[in-house]
Amino acid sequence: MPTPLRTPDLTWHNGWLSWATKLMSPNFGARPPHALIDLMVLHSISLPPGQYGGAEVQQLFTNQLDWQAHPYFQQIEGLRVSSHFYIRRSGELWQFVSCDDRAWHAGASSYRGRTNCNDDSIGIELEGLEGEAFEDAQYETLKVLSQAIMAHYPIAFIAGHEHIAPGRKFDPGSGFDWKLFQKLACVPSQCLPAINA
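A short tour of the structure in this document, coming up. Owing to the predicted nature of the structure, the values given are computational and were not obtained by experimental measurement.

Some thoughts on the packing of helix H2 (residues 136-152) against helix H4 (residues 178-185)
Consideration 1: Across the interface, H2 lies against H4 with an axial gap of 9 Å and an inter-helix angle of 55°. One element, H2, and the other, H4, form an angle in the oblique class. Crossing hand, H2 versus H4: right-handed. Across the interface between the two elements, Tyr139, Leu142, Lys143, Ser146, Gln147 and Met150 of H2 pack against Leu180, Phe181, Leu184 and Ala185 of H4.

Here it is in C-alpha cells:
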C-alpha cells in the first residue's frame, strides 16, 4: 500500500492549490461563461516517451522545450499544451494553470454528452507511459489531490484521456489501476468510466 503523505497544505487561492509547486504556463484561456467544472481527466506523459525524471514536461507546458534535444521532440515541435496538474513518479505535485481557467490538455474530445472537455474539466498528468504501471507515490498524491479538487469543485465525473478521445488517445492506459484509485480516493463508481463497473 502507498505510504501516507505528510499533511499537505490544501488551501486554494484563485484556483491554485498551495500544496503544488507553481509554474505558470502561458497555454490557457478563460472558461466559457457559466462553465460547470464537473470533470477530472487523467493523462499520462513522459518526454521522451518512457524516460522519467527530467524537466522536459515542465519545459513543454511552458513553451521552453528544445525541439532539437531529442528526435522525438521534432514530431511534436510547436505543440502548445498544458495541464492543471502534473504528478511525478516520486509523487511530487506541480501546477501550471489555475483550475478556475481552461488548460489545454484534452484536445478534440467528448464525454457525458458534451464536447470540448477543456471547457469544464481539470486535467491531471501522471508521469508515465500508457500501458505501464504507475508508482504508489503517484496514487497517494492523486488520492489527496482528487479529494481536494472534489471538495472545492462540483466534480461528478472522472475519466481518462482515452475515454474522452477514444481512438485518438490511449492514456493513461491499461497500467493505471482504476479500482485502486477508486478505493484510495473513495470515489463512487458512478463517477468513473464503465471499465470499473
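Picking up where we left off.
Topic: the pairing of strand S5 (residues 39-45)
Consideration 1: For S5, the tally of buried residues reaches seven of seven residues, placing the bulk of the element in the interior.
Consideration 2: Where burial is concerned, the two faces of S5 agree: the one with Leu39, Val41, His43 and Ile45 and the one with Met40, Leu42 and Ser44 are both buried.
Consideration 3: Sheet topology note: the S5/strand S11 (residues 121-127) ladder contains seven bridges and is parallel. Paired with Leu39 across the bridge in S11 is Ser121.
Consideration 4: The pairing of S5 with strand S12 (residues 157-160) spans four bridges and is classified as parallel. Of the residues in S12, the one forming a bridge with Met40 is Ile158.

Quick notes on the layout of surface pockets
Consideration 1: As a volume, the largest pocket reaches approximately 590 Å³.
Consideration 2: Taken together, 26 residues make up the lining of the largest pocket; nearest its centre are Ser44, Ile45, Tyr72, Lys169 and Asp171.
Consideration 3: Elements represented by at least two residues in the lining of the largest pocket include exactly S5 and helix H1 (56-61).
Consideration 4: Among the elements that take part in the lining of the largest pocket, S5 stands out by supplying three residues, more than any other.
Consideration 5: For the lining of the largest pocket, the per-class residue count stands at 13 nonpolar, eight polar and five charged.

Criteria and cut-off values
- Residues numbered from 1 in each chain as written.
- Predicted model: local features only at pLDDT ≥ 70, side-chain atom pairs only at ≥ 80, totals over all residues.
- Heavy atoms only, no water.
- Axes fitted to C-alpha atoms, helices over the stretch in contact; angles between N-to-C directions.
- Helix = DSSP H or I, 4+ residues; strand = E, 2+ residues; numbered from the N terminus.
- Parallel < 35°, antiparallel > 145°, perpendicular 65-115°, else oblique.
- Left-handed = near helix turned anticlockwise from the far one by under 90°.
- Contact = heavy atoms within 4.5 Å.
- Buried < 20%, exposed > 50% of the residue type's maximum accessible area, 1.4 Å probe, protein only.
- Pairing = 2+ DSSP bridges.
- 1 Å grid on protein atoms, 1.4 Å probe; cavity = no way out; pocket = protein on both sides within 12 Å on 5 of 7 lines; lining within 4 Å.
- Points joined across faces, edges and corners; volume = space filled by probe spheres on them.
- Nonpolar A, V, L, I, M, F, W, Y, C, P; charged D, E, K, R; others polar.

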